[in-house]
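This is what each chain is made of:
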Amino acid sequence: QVQLVESGGGLVQAGGSLRLSCAASGRTFSSYGMGWFRQAPGKEREFVAAISRSGGTTYYADSVKGRFTISRDNANNMVYLQMNSLKPEDTAVYYCAARSSVSYYTPSSYDYWGQGTQVTVSS
């Protein structure tokens, strides 16, 4: 079992930055690949970024590549999403998720989810 708690969301102006954090419980955190997804009102949940168990490999959606950075700290059971150059279209609830699957792109690949944190980018 893994419990995930996100934090760091908020209201920011376009062009600004936010850093999301995800705290994971459990001693097997390093056994899971991790991902960030987001869901805007009326839209499906979409992939944002993912990171391998060791942190050595990362993946990004084209819409955030070059602006967002995912990282993890296995010693402290933390995952982060640094978001720079934010745009109004980045507005959504952001979710942290853990997977045992190799596949990282689809929500169904993930076993555990946090409750989400709201990110709002004003124009």
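Note that the structure is predicted; figures quoted are calculated from it, not measured.

**Quick word on the environment of Ser 21**
Summarising the element assignment, Ser 21 is placed in strand 3 (residues 18-24). The spatial distance from the C-alpha of Ser 21 to the C-alpha of Tyr 95 is 10 Å, given a sequence separation of 74 residues. Those residues in contact with Ser 21 that sit more than four places away from it in its chain are Val 5, Glu 6, Ser 7, Trp 36, Met 78, Val 79 and Tyr 80.

**Quick word on the pattern of salt bridges**
Side-chain pairs of opposite charge can arise where the charged atoms are in close proximity. The tally for this structure, following the rule as stated, stands at four salt bridges. Between Arg 38 and Glu 46 there is a salt bridge, with the nearest N and O atoms lying 2.6 Å from each other. Relative accessible area serves as the criterion here: at 5%, Arg 38 is assigned to the buried category. Here Lys 65 ties to Asp 62 by a salt bridge, and the two come within 3.2 Å at their closest N and O atoms. When sorted by exposure, Lys 65 lands in the same class as Asp 62, which is exposed. One connected set of salt bridges, linked through shared partners, spans Arg 38, Glu 46, Arg 67 and Asp 90.

**A word on the packing of aromatic side chains**
The tally for this structure, following the rule as stated, stands at nine aromatic pairs. Geometrically, the ring pair formed by Phe 37 and Phe 47 is edge-to-face, given 5.8 Å between the ring centres and 75° between the ring planes. Here Phe 37, found in strand 4 (residues 33-39), pairs with Phe 47, found in strand 5 (residues 46-51); they are 10 residues apart in sequence, far enough to count as distant. Per residue, the accessibility class of Phe 37 equals that of Phe 47, and both read buried. Their ring planes at 45° and their centres at 5.1 Å tell us that Phe 47 and Tyr 105 sit as a pair that is tilted. In this pair, Phe 47 is assigned in strand 5 and Tyr 105 in the loop between strand 9 (92-99) and strand 10 (112-113), connecting sequence segments 58 residues apart. By way of ring pairs, the aromatic residues Phe 37, Phe 47, Tyr 59, Tyr 95, Tyr 104, Tyr 105, Tyr 110 and Trp 113 are connected into one cluster. Cation over ring: Arg 19 sits above Tyr 80, and NZ or CZ is 3.9 Å from the ring centre. When the ring centre of Tyr 95 is taken as origin, the NZ or CZ atom of Arg 45, which lies over that ring, is 3.8 Å away.

**Some points on the nonpolar core**
If you look at the biggest cluster of nonpolar residues, it comprises 34 residues, and the most contacted ones within it are Met 34, Trp 36, Leu 81, Met 83 and Tyr 94. Filtering out sequence-adjacent residues up to four positions away, Met 83 remains in contact with Gly 16, Ser 17, Leu 18, Leu 20, Arg 67, Phe 68, Tyr 94 and Val 119.

**Here we look at the state of the cysteines**
This model, assessed by the stated rule, comprises one disulfide. Note that Cys 22 is cross-linked by a disulfide to Cys 96, the S-S spacing being 2.1 Å. The S-S bond linking Cys 22 to Cys 96 shows a torsion near -80°; that makes this disulfide left-handed. Of this pair, Cys 22 sits in strand 3 while Cys 96 sits in strand 9, placing them 74 residues apart in sequence. An identical accessibility class is assigned to Cys 22 and Cys 96; each is buried.

Rules and cut-offs
Residues numbered from 1 in each chain as written. Predicted model: local features only at pLDDT ≥ 70, side-chain atom pairs only at ≥ 80, totals over all residues. Heavy atoms only, no water. Helix = DSSP H or I, 4+ residues; strand = E, 2+ residues; numbered from the N terminus. Contact = heavy atoms within 4.5 Å. Salt bridge = Lys/Arg side-chain N within 4 Å of Asp/Glu carboxyl O. Buried < 20%, exposed > 50% of the residue type's maximum accessible area, 1.4 Å probe, protein only. Phe/Tyr/Trp six-rings, centres within 6.5 Å; stacked < 30°, edge-to-face > 60°. Lys NZ or Arg CZ within 6 Å of the ring centre and 35° of its normal. Core = buried A, V, L, I, M, F, W, Y, C linked by side-chain atoms within 4.5 Å. Disulfide = S-S within 2.5 Å.

Interpretation note: all reported values are geometric properties and have no functional meaning in isolation.
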